[in-house]
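Architecture and fold: a report
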Amino acid sequence: MLAASIGRRARAWFAPVSSALAIVACVLAPGRALAQAAPPRPSEAPLPSCLDQTIKDQLGAELKPRGVQKRTFAKDKKIVLAAHGGLYGGDLTSSSWIAGGSLGFFFTEDLGVQVGLDLTPLTLDLDAPLNKFFGDNRFTPGLAYLGLANLLWSPIHAKVKTGGGIVHADVLVFAGAGRMFHDAVQGVSYDAGAALELLVTRAMTVRLDVRDVTAIEEVAGETRFTNNVVATAGLALYLPSGL
């Protein structure tokens, strides 16, 4: 009797539990099947091989490798004749025009030397009031001759976009020393600056340069080390040397 009662109670307890488990299994089974059968996302799906080949063919037809291009303008072993003109901004003297020329030679494509001679008037706009105040002429204006020898280095080759296309250009830096011949200038003069050369033809360039010319000057009773700014524009002609 006792054993039969226990068996009936166990069956009564187990029946609801087994039914609940069966319902949970029926609910989860379709979701698991859907998850297994879901197609890959567009970002994960591989591209068709025919599309890959089409894109590759189009890019190959439109994009051509350029590699290292040969320069159309060479400076190596060339003689350089240049003429220029511009503005001389005096430190103690008045600003005025400057004009001159230079002769140079390039040992390699990047390294060269240059000697130049420029002419500029040294004047002092305050000279007349000073003469009236002191009663004598304290500054004698006149033409100054600026002779300089420079070492040239061209570390950068650039391309400048213009309205009609692209112009090749070289950036130069230079430094040197020389002498400014005038009664108001004492000792050796030094200069340093940079230039931009636009390669307009195979033998000619347009050169724009800015330099700082330093010298000891005595003007109107004042003697000091001066920094004079020179900005010029001109043409340079490259000639073969036969070397």
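Whatever comes next refers back to the structure up there.
Report follows, based on the coordinates. (Residues numbered from 1 in each chain as written. Predicted model: local features only at pLDDT ≥ 70, side-chain atom pairs only at ≥ 80, totals over all residues. Heavy atoms only, no water.)

1. Considerations on the packing of aromatic side chains
Rule in force here: Aromatic rings from Phe, Tyr and Trp, with only the six-membered ring used for Trp, were paired whenever their centres fell within 6.5 Å, and each pair was classed as stacked if the ring planes differed by under 30 degrees, edge-to-face if by over 60, and tilted otherwise. Relative accessibility thresholds used throughout: buried, under 20% of the residue-type maximum; exposed, over 50%; partly exposed, between the two (1.4 Å probe, protein chains only). The helix and strand labels rest on DSSP assignments: H or I over at least four residues marks a helix, E over at least two residues marks a strand, and numbering proceeds from the N terminus.
Tallied over the entire structure, the rule returns two aromatic pairs. Relative to Phe 107, the ring of Phe 105 lies with its centre 5.3 Å away and its plane at 80 degrees, an arrangement referred to as edge-to-face. Among the residues examined, Phe 105 registers a relative accessible area of 17% and is labelled buried. Between Phe 106 and Tyr 238, the ring centres sit 6.1 Å apart and the planes meet at 40 degrees, which makes this aromatic pair tilted. With Phe 106 in strand β2 (residues 96-106) and Tyr 238 in strand β8 (residues 222-240), this residue pair connects regions lying 132 residues apart in the sequence. When sorted by exposure, Phe 106 lands in the same class as Tyr 238, which is buried.

2. Examining the side chain of Lys 78
Counted only if it meets this: Positive charge is attributed to Lys and Arg, negative charge to Asp and Glu, and no charge count is given to His or to the chain ends. Throughout this description, the term salt bridge denotes a Lys or Arg side-chain nitrogen within 4 Å of a carboxyl oxygen of Asp or Glu. Two N or O atoms count as a polar contact when they lie within 3.5 Å, although within protein this holds only if one can serve as hydrogen donor and the other as acceptor, and sequence-adjacent residues are included solely when both atoms are side-chain atoms. Throughout, a contact is declared for two residues whenever any of their heavy atoms are within 4.5 Å.
The residue Lys 78 is located in strand β1 (residues 78-89) in this model. Within the buried set, Lys 78 has no salt-bridge partner at all; the shortest N-O distance to an opposite charge, 7.5 Å, is to Glu 109. At 3.0 Å, the side chain of Lys 78 and the backbone oxygen of Ala 74 are in polar contact. The contact partners of Lys 78, leaving out residues within four places of it in the chain, are Gly 104, Phe 105, Phe 106, Tyr 238, Leu 239 and Pro 240.

3. Considering the pairing of strand β7 (residues 204-219)
To keep it simple, the criterion reads: Strand pairing is defined by DSSP finding a minimum of two bridges between the two strands.
In the sheet, strand β6 (residues 185-199) pairs with β7 via twelve bridges, with the strands oriented antiparallel. Residue pairing in the sheet places Gln 186 in a bridge with Ile 216 of β7. The antiparallel pairing of β6 with β7 creates a hairpin that spans four residues between the two strands. Of the strand pairs in this sheet, β7 and β8 are connected by 16 bridges, and their pairing is antiparallel. Across the sheet, the residue bridging to Leu 208 is Ala 233, located in β8. Connecting β7 to the antiparallel partner β8 that follows it, the hairpin turn spans two residues, and Ala 220 within it adopts a positive phi of roughly 55 degrees.

4. Quick look at a nonpolar patch on the surface
Operational definition: Candidates for patches are residues over 30% relative accessible area with no salt bridge; among them, like charges are joined within 9 Å and nonpolar side chains (Val, Leu, Ile, Met, Phe, Trp, Tyr) within 5 Å. Values of accessible area rely on a 1.4 Å probe in the Shrake-Rupley scheme; residue burial ignores everything except the protein chains shown.
A contiguous nonpolar surface patch, about 610 Å² in accessible area, is contributed by Leu 81, Leu 103, Val 115, Val 200, Met 204, Leu 235, Leu 237 and Leu 239. Per-element accounting of the nonpolar patch gives the leading share, three residues, to β8. With respect to the helices, strands and loops of the structure, Val 115 is situated in strand β3 (residues 111-122). Val 115 gets classed as partly exposed once you look at its relative accessible area, which sits at 46%.

5. Thoughts on the sheet that holds β2
Cut-off, in case you're wondering: To obtain an axis, a line is fitted to C-alpha atoms, over the contacting stretch when the element is a helix, and the angle between two such axes runs from 0 to 180 degrees between their N-to-C directions.
Strand order in the closed barrel formed by eight strands is β1-β2-β3-β4-β5-β6-β7-β8, with antiparallel pairing between adjacent strands. Direction aside, neighbouring strands of the sheet carry axes that sit 25 degrees apart on average. Where β1 lies against β2, ten bridges are found, and the strand directions are antiparallel. Its bridge partner being in β2, Val 80 is matched across the sheet by Gly 104.

6. Here's the deal with the pattern of salt bridges
Applying the stated criterion across every chain, the model contains seven salt bridges. Residue Asp 91 pairs with Arg 224 through a salt bridge whose shortest N-O separation is 3.1 Å. Note that Asp 91 is positioned in the loop between β1 and β2 and Arg 224 in strand β8, a separation of 133 residues in sequence. Judged by relative accessible area, which is 31%, Arg 224 ranks as partly exposed. Linking Arg 207 and Glu 197 is a salt bridge whose minimum nitrogen-to-oxygen distance equals 2.7 Å. Taken together, the residues span a long stretch of sequence, with Arg 207 in strand β7 and Glu 197 in strand β6 at a distance of ten residues. Look at the salt bridges and you will find they share partners, linking Lys 75, Asp 170, Glu 197 and Arg 207 into a network.

7. Side note on the side chain of Arg 211
Relative to the helices and strands, Arg 211 resides in strand β7. A polar contact of 2.8 Å, which involves the side chain of Arg 211, links it to the side chain of Asp 191. Contacts of Arg 211, omitting those with residues within four sequence positions, involve Gln 114, Leu 148, Asn 150, Phe 174, Asp 191, Ala 192, Gly 193, Asn 228, Val 229 and Val 230.

Scope: geometric values only; no functional claims are made or implied.
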